[in-house]
Amino acid sequence: MHSGALVTARDLAEEAVRRYREDGFVHVRQVLGEPEIAEFHEDAMELLEREQRTGWGAGDRTVLEFVADSQLKSEAMRRLAVHPVITGIAERLAGVPLRLFKQELLLKEAGRSLPTDAHFDEFALPFTAAPSGLTAWVALVDVPMERGCMTFVPGSHLLPPSQRPQDAWEPFGRPEVRWLPRVAVPVRAGDCTFHHIRTVHSAGVNATGVPRVSASTVYMDDGAIYRKTGNRGLDELPEAGELTPGRRLDGARFPRVG
Ligand SMILES: O=C(O)CCC(=O)C(=O)O
């Protein structure tokens, strides 16, 4: 069934919160209703056409392409990034007040994409003091297995530091992670998955004839502190003003949500 959307974050069952804390991810169905899906999808397609896309991958086969900071590039994407149901759920899952960090509008081209390698996000995020940071990944089209749905390693966010992947892009290099079960999560348009910034995740190829379009938005603890990752592409944050390592990320670019 794919009818009415969740009305408020309070409609989310306590069981879903418990599962998120245990697994490091959760699938929430029908976060957006039909009219919102249509509006956000139309805007996303326009933005993907109009804005510069960053490619992830090589040659004519990319893992995916994305519009960075899409929340700054269209009014609709901004509304999606601070959507009261999505951010309300994010805050219930995190259990702490959150701020918007960034949104990326993602496109996995039909028929010629590569798989998204397993990784976790924390290493690439230029902030610390955000133990509850998480990503909301909103499907703007149906994403079954064969269109490259997300796959998660349950519980990987809870590994003790000594067992945590040392290299974010080689998480399966560690035996502690390699032999954990992985869960693939096919989603309908308007569904959302949430994952913790330490949860190992990946995605398959898009082997269908329809582009995979989704929005991935990162939220951080209110109180998160700026740090440099050493990667210019990640450290430079448009519209954030002068950023000083060691200072809180709390300007207008990083609004409180929820
Ligand atoms: O959509 C994908 O294939 C990967 C997305 C991702 O890694 C993320 O949203 O953190």
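That block above? That's the structure.
Since the model is a prediction, treat every value here as computed from it, not as a measurement.

**Student:** Would you explain the pairing of strand β10 (residues 192–196) in this entry?
**Tutor:** In the case of a regular strand, side chains alternate between the two sheet surfaces. Counted residue by residue, β10 has five buried out of five residues, so it is predominantly covered. Judged from the four bridges that link them, strand β1 (residues 25–28) and β10 form a sheet pairing that is antiparallel. By the bridge assignment for β10, phenylalanine 25 is matched with histidine 195.

**Student:** Is there a simple way to explain the sheet that holds strand β8 (residues 150–152) in this structure?
**Tutor:** Whenever strands of a sheet pair, they do so through backbone hydrogen bonds, lying parallel or antiparallel. Read across the open sheet, the four strands follow the order β5-β11-β8-β9; overall the sheet is antiparallel. Here the strands that pair on one side only, and so sit at the sheet edges, are β5 (116–119) and β9 (183–185). Strand-to-strand twist of the sheet, defined as the mean angle between neighbouring strand axes without regard to direction, takes the value 20°. Pairing of β8 with strand β11 (residues 201–203), which is carried by three bridges, proceeds in the antiparallel orientation. Looking at β11, one finds that threonine 151 is bridged to serine 202.

**Student:** Would you mind going over the site of the ligand with me for this structure?
**Tutor:** With respect to spatial proximity, 14 residues lie near the ligand, and among them Thr116, His119, Trp137, Arg212 and Ser216 are the closest. Histidine 119 places a side-chain nitrogen or oxygen 3.0 Å from an oxygen atom of the ligand. Between the ligand and tryptophan 137 there is a distance of 2.9 Å, counted from an oxygen atom to a side-chain nitrogen or oxygen. Notes on the ligand: free accessible area 300 Å², of which the protein chains cover 94%. For the shell around the ligand, the elements supplying multiple residues, two or more each, are β4 (98–108), β5, β7 (134–139), β11 and β12 (212–221).

**Student:** What exactly am I supposed to notice about the state of the cysteines here?
**Tutor:** As used in these notes, a disulfide is a covalent bond between sulfur atoms, one from each of two cysteines. In the structure shown here, the tally under the stated rule is zero disulfides. Free of any disulfide, cysteine 149 has its nearest neighbouring cysteine sulfur in cysteine 192, separated by 14 Å. With relative accessibility at 0%, the residue cysteine 192 sits in the buried group.

**Student:** So what exactly am I meant to see when it comes to the packing of helix α1 (residues 14–23) against helix α4 (residues 84–94) here?
**Tutor:** The description of two helices packed together rests on the angle between their axes and the distance between the axes. Direction vectors running N to C along α1 and α4 enclose 60°, while the axes themselves pass 9 Å from each other. With respect to α4, the axis of α1 lies oblique. Viewed along their axes, α1 and α4 form a crossing whose handedness is right-handed. Contacts between α1 and α4 involve Glu14, Ala16, Val17, Tyr20 and Arg21 on the former and, on the latter, Arg92, Leu93 and Ala94. Taken together, the residues of the contact of α1 with α4 break down into five nonpolar, no polar and three charged.

**Student:** How do you make sense of the pattern of salt bridges when you look at a structure like this?
**Tutor:** When charged atoms on two side chains of opposite charge get close, those side chains can pair. Applying the stated rule across the entire model yields 19 salt bridges. Residue glutamate 14 is joined to arginine 92 by a salt bridge in which the shortest nitrogen-to-oxygen separation is 2.9 Å. In this pair, glutamate 14 is assigned in helix α1 and arginine 92 in helix α4, connecting sequence segments 78 residues apart. On the basis of relative accessible area, glutamate 14 is assigned to the exposed category, the value being 57%. Judged by its relative accessible area of 23%, arginine 92 falls in the partly exposed class. Of the charged contacts in the structure, one is a salt bridge between aspartate 69 and arginine 253, with a shortest N-O distance of 2.8 Å. Residue aspartate 69 is found in the loop between β3 (61–68) and α3 (75–81), and its partner arginine 253 is found in the segment after α6 (232–235); the two are separated by 184 residues along the sequence. In this structure, aspartate 69 and arginine 253 share a single accessibility class: buried. One salt-bridge network, in which partners are shared between bridges, spans Glu91, Arg99, Asp222, Arg248 and Arg256.

**Student:** I'm lost on unusual backbone geometry in this one. Help?
**Tutor:** Glycine aside, residues mostly have negative phi angles, and peptide bonds mostly take the trans form. In this structure, aspartate 69 is a non-glycine residue whose phi angle is positive, near 50°. The exposure class of aspartate 69 is buried, given its relative accessible area of 9%. Backbone geometry at alanine 129 places phi at a positive 60°, although glycine is not the residue there. With respect to the helices and strands, alanine 129 occurs in the loop between β6 (127–128) and β7.

Conventions and cut-offs
- Residues numbered from 1 in each chain as written.
- Predicted model: local features only at pLDDT ≥ 70, side-chain atom pairs only at ≥ 80, totals over all residues.
- Heavy atoms only, no water.
- Buried < 20%, exposed > 50% of the residue type's maximum accessible area, 1.4 Å probe, protein only.
- Helix = DSSP H or I, 4+ residues; strand = E, 2+ residues; numbered from the N terminus.
- Pairing = 2+ DSSP bridges.
- Axes fitted to C-alpha atoms, helices over the stretch in contact; angles between N-to-C directions.
- Near = heavy atom within 4 Å.
- Polar contact = N/O pair within 3.5 Å; in protein donor to acceptor, adjacent residues only side chain to side chain.
- Areas by Shrake-Rupley, 256 points an atom, 1.4 Å probe, with all protein chains shown as cover.
- Disulfide = S-S within 2.5 Å.
- Parallel < 35°, antiparallel > 145°, perpendicular 65-115°, else oblique.
- Left-handed = near helix turned anticlockwise from the far one by under 90°.
- Contact = heavy atoms within 4.5 Å.
- Nonpolar A, V, L, I, M, F, W, Y, C, P; charged D, E, K, R; others polar.
- Salt bridge = Lys/Arg side-chain N within 4 Å of Asp/Glu carboxyl O.

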